[in-house]
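Coordinate analysis (summary)
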Amino acid sequence: MRDSIQQGLSGVLLDWYNRHAREMPWRVGPADRAAGVMPDPYRVWLSEVMLQQTTVAAVRDYFTRFTARWPTVQALAAAPDDQVMGEWAGLGYYARARNLLKCARAVTDEHGGTFPNTYDALLKLPGIGPYTAAAISAIAFDRPETVLDGNVERVMARLYDIQDPLPGSKPLLKDKAAALTPVTRPGDYAQAVMDLGATICTPKSPACGICPVRDPCQARAAGTQPDLPRKAPKKPKPTRYGHVYIAQSDSGALLLERRPDKGLLGGMLGWPGSDWSDAPNASPPFEADWQMLAGEVRHTFTHFHLILRIWTASLPAESVPEGLIVLEKHAFRPGDLPTVMRKAHDLWRDR
């Protein structure tokens, strides 16, 4: 009886998806899928990496630019790091961009440019964790893996009225999601649940009246759906401080640095600066008449808020310190900078 109820729920969701699937540039819709069109694993992988911690609306343009410039995993693997990091600027979580290149090169060098089609093999690739491996395996290769993102967690928590807060309830939510994952059309089913969470079973004001699984939804029956999933209280984010130094020559050349591969903004271009801490030490890149600009840059990362003060000076005619980069005016593109460094540039430019 239980299995038939679960299969019934999966079938209802697939029927709903057949009619209401969202159109996305990386998705093969249910009608095309039924006609035998299979998704491109490269596009599925790229979209899943981009969508981590980011919205569909924010990703669409980035995905379109990436795939126009690098239409295959081999093309991406051959791309210069700076170009890829520049195209990624603004999406945040820059370790994803570094791992994107590592993964593309591993697929090209170790797998002949073809993505492996099983969860375990995908999990061995750089930058692919359990969620991404399950999503690629299900969506690209139609394997019955359990795909658990924020949307699916919310649907499961409400469908079964699970009161335990996240993140502790993740194993239970995954068990519920696994029990509903069908052997037939698991890729479409995974996307159906994600679409349901994104469009109907939304975090606030869920549209229960038009939900295809409203009748068996236990939270709806109990009236608890607006409160689910519960989440453990978050610790307040600390605030850190820092200094950045922007120097320009008479010809317009600018002084930058490449940040270490590990850590925040790893591998990205940025302005030389101090550490980010409660009381950062001033550390200008060379001796000069540095002037602090009025105003400050504020930016929020996942785990802390950051406030930066901006200092400016003239770039010396003699050689600059080792490890720093002088970019001539024609070679500098603010869009290649990560968001916080672009904010600093904009404040400096406006002053």
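1. Here's the deal with the overall build of the protein
A count of helices and strands for the protein gives 14 helices and seven strands. Based on the C-alpha atoms only, the size of the protein along its principal axes is roughly 80 × 45 × 30 Å. A sequence separation of at least 24 residues applies to 68% of the contacts in the protein between residues at least 6 apart. When the accessible surface of the protein is summed, it comes to about 17400 Å², and 51% of that surface belongs to carbon and sulfur atoms.

2. Some points on the packing of aromatic side chains
Any pair of aromatic rings gets described here by the distance separating the centres and the angle formed by the planes. If you walk through the whole model with that rule in mind, you get 12 aromatic pairs. When the centroid spacing of 5.3 Å and the interplanar angle of 45° are considered together, the rings of W45 and F115 count as tilted. Taken together, the residues W45 in helix α3 (residues 41-51) and F115 in the loop between α7 (95-110) and α8 (119-123) connect sequence positions 70 residues apart. On the basis of relative accessibility, which here comes to 1%, the residue W45 falls in the buried class. F115 gets classed as buried once you look at its relative accessible area, which sits at 6%. When the ring of F66 is compared with that of W88, the centres are 6.1 Å apart and the planes differ by 85°; the resulting orientation is edge-to-face. Taken together, the residues span a long stretch of sequence, with F66 in helix α4 (residues 56-69) and W88 in helix α6 (residues 81-88) at a distance of 22 residues. Each of the two residues, F66 as well as W88, counts as buried.

3. Observations regarding α4
Its 14 residues place the ends of α4 20 Å apart at the C-alpha level, agreeing with the 20 Å of an ideal helix rising 1.5 Å per residue. Along α4, the residues classified as buried are V56, V59, Y62, F63, F66 and T67. Buried positions along α4 lie against α3, α5 (73-77), α6 and α7.

4. As for the confidence of the model for the protein
A residue-level look at the protein finds 98% of positions with pLDDT of 70 or above and a mean pLDDT of 93. The least confident element of the protein is helix α1 (residues 2-20), whose mean pLDDT is 82; the most confident is α5, at 98.

5. Observations concerning the pattern of salt bridges
Two side chains that carry opposite charge are able to pair once their charged atoms sit near each other. Counted under the stated rule, the structure contains 13 salt bridges. The salt bridge involving R65 is made with E87; its shortest N-O contact spans 3.3 Å. Placement of R65 in helix α4 and of E87 in helix α6 is noted, with a sequence separation of 22 residues between them. Here E87 falls in the buried class, since its relative accessible area comes to 15%. The partner of R349 in a salt bridge is D346, with the nearest N and O atoms 3.6 Å apart. Of this pair, R349 and D346 both sit in helix α14 (residues 339-350), three residues apart, which is roughly one turn of that helix. With relative accessibility at 26%, the residue D346 sits in the partly exposed group.

6. Things to note about the packing of helix α10 (residues 150-159) against helix α11 (residues 170-180)
A pair of packed helices is characterised by two quantities: the angle between their axes and the separation of those axes. One can describe the packing of α10 onto α11 by two numbers: an axis separation of 9 Å at closest approach and a directional angle of 85°. On the basis of their axis angle, the class for α10 and α11 is roughly perpendicular. Between α10 and α11, the residues in contact are V152, E153, M156, A157 and L159 and K170, L173, K176, A177 and L180, respectively.

7. What to know about the packing of α3 against α7
Close contact between α3 and α7 brings their axes to 10 Å; oriented N to C, the two are set at 160°. The orientation of α3 relative to α7 falls into the category roughly antiparallel. The interaxial crossing formed by α3 with α7 has right-handed handedness. Where α3 approaches α7, its residues W45, L46, V49, M50 and L51 are matched on the opposing element by R96, L100, C103 and A104. The residue inventory of the contact of α3 with α7, partitioned by class, reads eight nonpolar, no polar and one charged.

8. Here we look at the environment of P144
With respect to the helices, strands and loops of the structure, P144 is situated in the loop between α9 (130-141) and α10. For P144, a relative accessible area of 47% translates into the label partly exposed. Taking the C-alpha atoms as reference points, P144 and T184, separated by 40 residues in sequence, lie 7.9 Å from one another. Those residues in contact with P144 that sit more than four places away from it in its chain are T181, P182, V183 and P186.

9. Thoughts on the nonpolar core
Counting 99 residues, the largest nonpolar core has W45, M156 and W271 as the members making the most contacts within it. Look past the residues within four positions of W271 in its chain and what remains in contact with it is V244, Y245, I246, L254, L255, L256, E257, F332, L337, M341, A344 and H345. Among the nonpolar cores identified, the runner-up in size contains nine residues, and A247, F286, W290 and L324 belong to it.

Scoring rules and cut-offs
- Residues numbered from 1 in each chain as written.
- Predicted model: local features only at pLDDT ≥ 70, side-chain atom pairs only at ≥ 80, totals over all residues.
- Heavy atoms only, no water.
- Helix = DSSP H or I, 4+ residues; strand = E, 2+ residues; numbered from the N terminus.
- Contact = heavy atoms within 4.5 Å.
- Areas by Shrake-Rupley, 256 points an atom, 1.4 Å probe, with all protein chains shown as cover.
- Phe/Tyr/Trp six-rings, centres within 6.5 Å; stacked < 30°, edge-to-face > 60°.
- Buried < 20%, exposed > 50% of the residue type's maximum accessible area, 1.4 Å probe, protein only.
- Expected span 1.5 Å × (residues − 1).
- pLDDT = per-residue confidence, 0-100.
- Salt bridge = Lys/Arg side-chain N within 4 Å of Asp/Glu carboxyl O.
- Axes fitted to C-alpha atoms, helices over the stretch in contact; angles between N-to-C directions.
- Parallel < 35°, antiparallel > 145°, perpendicular 65-115°, else oblique.
- Left-handed = near helix turned anticlockwise from the far one by under 90°.
- Nonpolar A, V, L, I, M, F, W, Y, C, P; charged D, E, K, R; others polar.
- Core = buried A, V, L, I, M, F, W, Y, C linked by side-chain atoms within 4.5 Å.

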